[in-house]
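Descriptive structure summary
Here is what each chain is made of, one letter per residue.
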Amino acid sequence: SIPSIIKINEEEFINTFCINESKNLTQISESELKDKIISKSQELNNIIIVTRGTKSTFSAQKGIFYETPIKKVNAVNVIACGDSFSAGFLYEYIKSKDINASLQTGTDCAAKNAESLCPGSIV
C-alpha cells in the first residue's frame, strides 16, 4: 500500500529514492531534488514533503511542486522539529485539505519547537 503522504528529510529522501547513487549528498542540485520529488509524487499519486533543516521545504502533491520558506528563529533545540512539523501539517491538512496552509502550519510548529528548550513542547 502506498501512503497518501510521505514526510521525509532531504538525506532520507535521497537515500530512499536513490536520486543518484554515484553522487554524494552535497553534489545533488536543488533542481535535481525538485524534479525527483515532483516525479515521485506524480508516480505515487500522493503528497511528498521533504524538510531540509535551515533551507526551505520542498513538496509536491501529485506532481505539483510547492516550496515553503522556513521561519528564521533563535533556535535553541532542533530535536523533534521534524515531528513537530509533521504534527502541525497533519492537523491542518485533516482539517482543511489545503496544502499551502498545512505546510505553513507545519513550518510554524517546527519553528516553535526549535525555540523551546524542551523538545515537543510548543504550547
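Parameters and conventions
Residues numbered from 1 in each chain as written. Predicted model: local features only at pLDDT ≥ 70, side-chain atom pairs only at ≥ 80, totals over all residues. Heavy atoms only, no water. Helix = DSSP H or I, 4+ residues; strand = E, 2+ residues; numbered from the N terminus. Rg over C-alpha atoms; globule rule 2.2 N^0.38 Å. Axes fitted to C-alpha atoms, helices over the stretch in contact; angles between N-to-C directions. Parallel < 35°, antiparallel > 145°, perpendicular 65-115°, else oblique. Left-handed = near helix turned anticlockwise from the far one by under 90°. Contact = heavy atoms within 4.5 Å. Nonpolar A, V, L, I, M, F, W, Y, C, P; charged D, E, K, R; others polar. Salt bridge = Lys/Arg side-chain N within 4 Å of Asp/Glu carboxyl O. Buried < 20%, exposed > 50% of the residue type's maximum accessible area, 1.4 Å probe, protein only. Phe/Tyr/Trp six-rings, centres within 6.5 Å; stacked < 30°, edge-to-face > 60°. Polar contact = N/O pair within 3.5 Å; in protein donor to acceptor, adjacent residues only side chain to side chain.

**A closer look at the overall build of the protein**
Helix and strand content of the protein: four helices and four strands. Reading the protein from its N terminus to its C terminus gives the helix and strand order β-α-α-β-β-β-α-α. Computed over the C-alpha atoms, the radius of gyration of the protein is 14 Å, within 12% of the 14 Å expected from 2.2 N^0.38 for a compact globule of 123 residues. Taking the principal axes of the C-alpha coordinates as reference, the protein spans close to 40 × 35 × 25 Å.

**Side note on the packing of helix α3 (residues 81–96) against helix α4 (residues 99–115)**
Interhelical geometry of α3 versus α4 gives an angle of 150 degrees and a closest axis separation of 7 Å. Taken together, the axis directions place α3 and α4 in an arrangement best described as roughly antiparallel. Helix-helix and strand crossings are classified by hand; for α3 and α4 the assignment is right-handed. Listed contacts from α4 to C81, S84, F85, G88, F89, E92, Y93 and S96 of α3 are I99, A101, S102, L103, T105, G106, T107, C109, A110, N113 and A114. Counted by class, the contact of α3 with α4 contains ten nonpolar, eight polar and one charged residues.

**A look at the pattern of salt bridges**
In the structure shown here, the tally under the stated rule is seven salt bridges. Across the pair E10 and R52 runs a salt bridge, and its minimum N-O distance is 3.9 Å. Taken together, the residues E10 in helix α1 (residues 10–17) and R52 in strand β2 (residues 47–52) connect sequence positions 42 residues apart. With respect to class, E10 is no different from R52; both count as buried. The closest approach of N and O atoms between E10 and K55, which form a salt bridge, is 3.2 Å. Taken together, the positions of E10 in helix α1 and K55 in strand β3 (residues 55–61) put the pair 45 residues apart, joining distant regions of the chain. Taken together, the shared-partner salt bridges in this structure form one network comprising E10, E30, R52 and K55.

**Some details on the packing of aromatic side chains**
Summed over all chains, the structure comprises four aromatic pairs. Their ring planes at 10 degrees and their centres at 5.6 Å tell us that F89 and Y93 sit as a pair that is stacked. With F89 and Y93 both in helix α3 and four residues apart, this pair spans about one turn of that helix. Each member of the aromatic cluster is reached from another via a ring pair, and the members are F85, F89 and Y93.

**With respect to the environment of R52**
Judged by its relative accessible area of 6%, R52 falls in the buried class. A sequence separation of 50 residues divides R52 from I2, and the C-alpha atoms of the two residues are 23 Å apart. Each residue touching R52, except ones within four places of it in the same chain, is listed here: E10, E30, L33 and F58. A distance of 2.6 Å separates a polar atom in the side chain of R52 from the backbone oxygen of S56.

**Observations concerning the environment of I47**
In this fold, I47 is placed in strand β2. Look at I47 and you get buried, because its relative accessible area is 3%. Between the alpha carbons of I47 and N74 there is a distance of 30 Å; along the sequence they are 27 residues apart.

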